[in-house]
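Residue-level listing of the chains:
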Amino acid sequence: MNIYMMRHGLTDWNRSHRMQGRSDIPLNETGLEQARSAAEGMKDLPLDYIAASPLCRTQQTAQAVAAYHNLPVHKEERLIEMGFGKLEGTVVTEHPLCQCIFNDPCAYVPLEGGESYEDMLHRAQLVLDEVIRPLEQQNYHDVLLVSHGALIRSVVSLLTELPLADFWRNPPQKNCSSTVLSCTNGVITLVEEGRIYGA
């Protein structure tokens, strides 16, 4: 089974470098165009299942692709972004804890309402164990999962056994790019990071 983990399109908070987390910010015009371009680029993939985080930006991105494949978009809570609690809406450069998230993840302690790296990595493991592997068992062949930068990095970190200190060794993949995975007999492997479909 092929799995395409796509990051959502651009939002105004992405553009202004605000901590977005679980704040339900929609795609801006650029993000909508990115989603349309990615959908066009993926139209010939034989997708047979699409799921997305429940947030508006991922649902909009997934719906653009689904329109080419006559498929429903399933809401999957485990694909939601890392929660940053009271930090959400803060410009990254304006709060030292935001810098800690990206520069020293081992030292990060979330504020009220935030999610720890440990909790997010546990949730990413659930995506592998309770979302992807069961889909293979149900004989799906090409699956699109639309998610967020930190959650996708978590999946990659687990598959490559990356130490937490190196979590952000590579930056989040670009908006509407896909990390491609393969699942064969329950064994999930990383095929490619940050593939862009479409122009």
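Here, every reference points to the structure presented above.
These remarks concern the structure in this document. Treat the numbers as computed from the prediction; the structure is a model and nothing was measured.

## Some remarks on the overall build of the chain
When helices and strands are counted, the chain shows six helices and six strands. Taken from the N to the C terminus, the helices and strands of the chain come in the order β-α-α-β-α-β-α-α-β-α-β-β. Its C-alpha atoms give the chain a radius of gyration of 16 Å, near enough to 16 Å, the size a compact globule of 199 residues would have. Reported as C-alpha extents along the three principal axes, the dimensions of the chain are approximately 45 × 40 × 25 Å. Taken over 199 residues, the chain has a buried fraction of 52%. For the chain, the computed accessible surface area is about 9100 Å², with 49% contributed by carbon and sulfur atoms. Taking the average place of the 16 positive charges on the side chains of the chain and the average place of its 25 negative ones, the gap between the two points comes to 4 Å.

## Remarks on the pattern of salt bridges
Applying the stated rule across the entire model yields ten salt bridges. A salt bridge links E130 to R78; the nearest nitrogen and oxygen atoms lie 2.6 Å apart. Of this pair, E130 sits in helix 5 (residues 117–137) while R78 sits in the loop between strand 3 (74–75) and helix 4 (96–103); the two residues are 52 residues apart in sequence, bridging distant segments of the chain. Accessibility expressed as a relative area gives 43% for E130, which makes it partly exposed. Look at R78 and you get partly exposed, because its relative accessible area is 23%. Between E115 and R123 there is a salt bridge whose closest N-O contact spans 2.9 Å. With a relative accessible area of 9%, E115 lands in the buried category. Ionic contacts of the salt-bridge type, sharing partners, join the residues R22, E115 and R123 into one network.

## A look at the sheet that holds strand 1 (residues 2–7)
In space, the six strands of this open sheet follow the order 3-2-4-1-5-6, with mixed pairing throughout. Whereas interior strands pair on both sides, the edge strands pair on one side only; in this sheet they are strand 3 and strand 6 (187–196). Examined bridge by bridge, strand 1 and strand 5 (residues 177–184) share five bridges and lie antiparallel to one another. Residue pairing across strands places Y4 opposite V180, the latter belonging to strand 5. Docked against the sheet, helix 5 engages strand 1, strand 2 (49–52), strand 4 (142–147), strand 5 and strand 6, running at close to 65 degrees with respect to strand 5. Set on the sheet, helix 6 (residues 149–160) makes contact with strand 1, strand 4, strand 5 and strand 6; between it and strand 6 the angle comes to about 135 degrees.

## Re the nonpolar core
Ranked by size, the top nonpolar core spans 35 residues in total, and within it I3, M5, Y108, Y117, I132, L145 and L151 carry the most contacts. Taken together, the elements giving at least two residues each to this core come down to strand 1, strand 2, helix 4, helix 5, strand 4, helix 6 and strand 5. Other than its neighbours up to four places away in sequence, L151 contacts M5, R78, L79, I80, E81, M120, R123, A124 and V127. Among the nonpolar cores identified, the runner-up in size contains 21 residues, and M6, A39, A64 and L144 belong to it.

## Remarks on unusual backbone geometry
The backbone of N139 sits at a positive phi, close to 70 degrees, despite the residue not being glycine. Relative to the helices and strands, N139 is located in the loop between helix 5 and strand 4. Residue class for N139 comes out exposed when judged on its relative accessible area of 59%. Even without being glycine, E161 reaches a positive phi, approximately 55 degrees. Mapped onto the fold, E161 is located in the loop between helix 6 and strand 5. According to the relative accessible area criterion, E161 is exposed, its value standing at 72%.

About the cut-offs
Residues numbered from 1 in each chain as written. Predicted model: local features only at pLDDT ≥ 70, side-chain atom pairs only at ≥ 80, totals over all residues. Heavy atoms only, no water. Helix = DSSP H or I, 4+ residues; strand = E, 2+ residues; numbered from the N terminus. Rg over C-alpha atoms; globule rule 2.2 N^0.38 Å. Buried < 20%, exposed > 50% of the residue type's maximum accessible area, 1.4 Å probe, protein only. Areas by Shrake-Rupley, 256 points an atom, 1.4 Å probe, with all protein chains shown as cover. Lys, Arg positive; Asp, Glu negative; His and termini not counted. Charge placed at Lys NZ, Arg CZ, Asp CG, Glu CD. Salt bridge = Lys/Arg side-chain N within 4 Å of Asp/Glu carboxyl O. Pairing = 2+ DSSP bridges. Contact = heavy atoms within 4.5 Å. Axes fitted to C-alpha atoms, helices over the stretch in contact; angles between N-to-C directions. Core = buried A, V, L, I, M, F, W, Y, C linked by side-chain atoms within 4.5 Å.

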